Amino acid sequence: MISPQISIIMPCFNAENYLDSAIESIISQSFSNFELLIIDDGSCDSSTNIIHSFNDDRIFYFRLEENMGSNFAKNFGIRKAKGRYIALADGDDISLPERLKTQYDFMENSDAFCIGSQYLSIDKEGDLIDKVIRPLDFEMVKIFLLADNYIHQHTWFFRNPFLYKHHCLFKNFFQYSDGYNFIVSISQFFKVQNLPDFLVKYRVHKEQLSIHESRKRTISGDNIRRRQLENFKFKFTKQELSLHLTLLRRGYLDDVEISQIENWINKILEANEVRKIYDSDLLYTFFADLGLRAIENNKLGIWSIEKTLLNYLNELSLKPLAILEFGSGMGTEALLKNHNVTSIEHNIEFCTQRSERHHCLLAPIENGWYKVEQVESVLIKKKYDFVLVDGPPGDLRSGILNHISLFRSLDSVYIFDDINRKEDFEIMESFCSSLSLTYKIIEGDKKKFAVCSKENF
């Protein structure tokens, strides 16, 4: 066999539902001089049989006897790679036909070490969720890396480090935060960038996501964001670091923090003028956009709890309240500034542990409401000062009326959001009537909410 120009590393673990399509998308590439290294990470499904069903001498199969994790499998594959270039492709993704040729042709005339591309996110059935746009040139990418990994790992195409004179830099490729640390480290020595082409379909499904892992990734990511901040070589307080991390994560900043944004951004811009790490104009634009986004988030728009409700809760007690909420989002982050929050969320994308004071339980929709066993498991665990009913969306909210018995022994105050909508007002009234609660309506800036209690107002 002619020595391959490209080595494609494909780790897989119990990917039998998608593996056939993933492999087919590689062997059907318009660029043919490659080897495909499939690393079976201890699968216990039919993955092995699927891999062996392909009769193609460019495919090389390696099996790990136990599940070691995707990062270990990628490192294993990279050390086996013979190609001048390495491409990553997971066992549940689809590489579009021109992917390898497009990336190979670019790298042959580029001084970049690693490139990515734009990509299409798809669901488990393969239907389009979103077209994901990433910044292109190195100077812009380097700035965006302050916030997160903006070269998506599933689109990576890079020079084989073991054929590269600086291979000592690459001892642990994916040890932390699933590639973010690697790209940030590499960007300090070599050029990294994105191509404008859509070259990969990246599959998003619930098997990938873990609430616990999501929290770990946030903590790991924050460590990488902090280390980049330290490159500016100025001192900052714990409060400033918290402000900085939340700003970069596009999270909720309260009124006091919003008033501090301008001074903080100016501090970074001034340090950059001295250190000359980033393009000054691009860095200014980046942080100006983040500042505007933070101000908008602070308003807590119509789809979130609004600030009147937030202030109502904050003024009730100097101590943190125990709050159970149906639904989770930007409003959750606002509540967590002062309170302990348990969230019941049906959408895996929003079911994220947002801080140590937050517990989020995934409860999929079942028979028109949250899965009852999941809700019950939360209700019996602790006493809640307030229960905030702000989900699930649309006519599914009425499902709470079919499960009144769950709340009969719960000694809590209930808050129903969006009461200016007729159907939500009627749901609240029926709920209160069934539990012999009285209610009062509070007018917010954009909408009304109802406070329901066993005590008369």
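Above this text is the structure in question.
It is worth spelling out the pairing of strand β11 (residues 340-345) at this point. Burial analysis of β11 places five of its six residues in the buried class, the great majority of the element. Bridge count between strand β10 (residues 322-326) and β11: five bridges; the pairing is parallel. In the strand pairing of β11, A322 is matched with N340. For the handedness criterion, the β-α-β arrangement of β10, helix α12 (residues 330-335) and β11 is classed as right-handed. Here β11 pairs with strand β12 (residues 358-362) via five bridges, running parallel. Note that in β12 the partner of S343 across the bridge is C360.

Under the counting rule described, the total for this entry stands at 28 aromatic pairs. Where F113 meets F158, the ring centres are 6.2 Å apart and the plane angle is 25°; that geometry is what we call stacked. With F113 in strand β6 (residues 112-122) and F158 in strand β8 (residues 157-159), the pair connects residues that are 45 residues apart, well separated along the chain. The buried category is assigned to F113, whose relative accessible area is 1%. Each ring, one from Y119 and one from Y202, has its centre 5.9 Å from the other, and the planes form 90°; the classification is edge-to-face. Here Y119, found in strand β6, pairs with Y202, found in strand β9 (residues 191-203); they are 83 residues apart in sequence, far enough to count as distant. You can call Y119 buried: its relative accessible area is 6%. The rings of F326, W369, Y370, F407, Y414, F416 and F431 are connected pair by pair, giving a single aromatic cluster.

Criteria and thresholds
Residues numbered from 1 in each chain as written. Predicted model: local features only at pLDDT ≥ 70, side-chain atom pairs only at ≥ 80, totals over all residues. Heavy atoms only, no water. Buried < 20%, exposed > 50% of the residue type's maximum accessible area, 1.4 Å probe, protein only. Helix = DSSP H or I, 4+ residues; strand = E, 2+ residues; numbered from the N terminus. Pairing = 2+ DSSP bridges. Right-handed = clockwise from strand over helix to strand, strands pointing away. Phe/Tyr/Trp six-rings, centres within 6.5 Å; stacked < 30°, edge-to-face > 60°.

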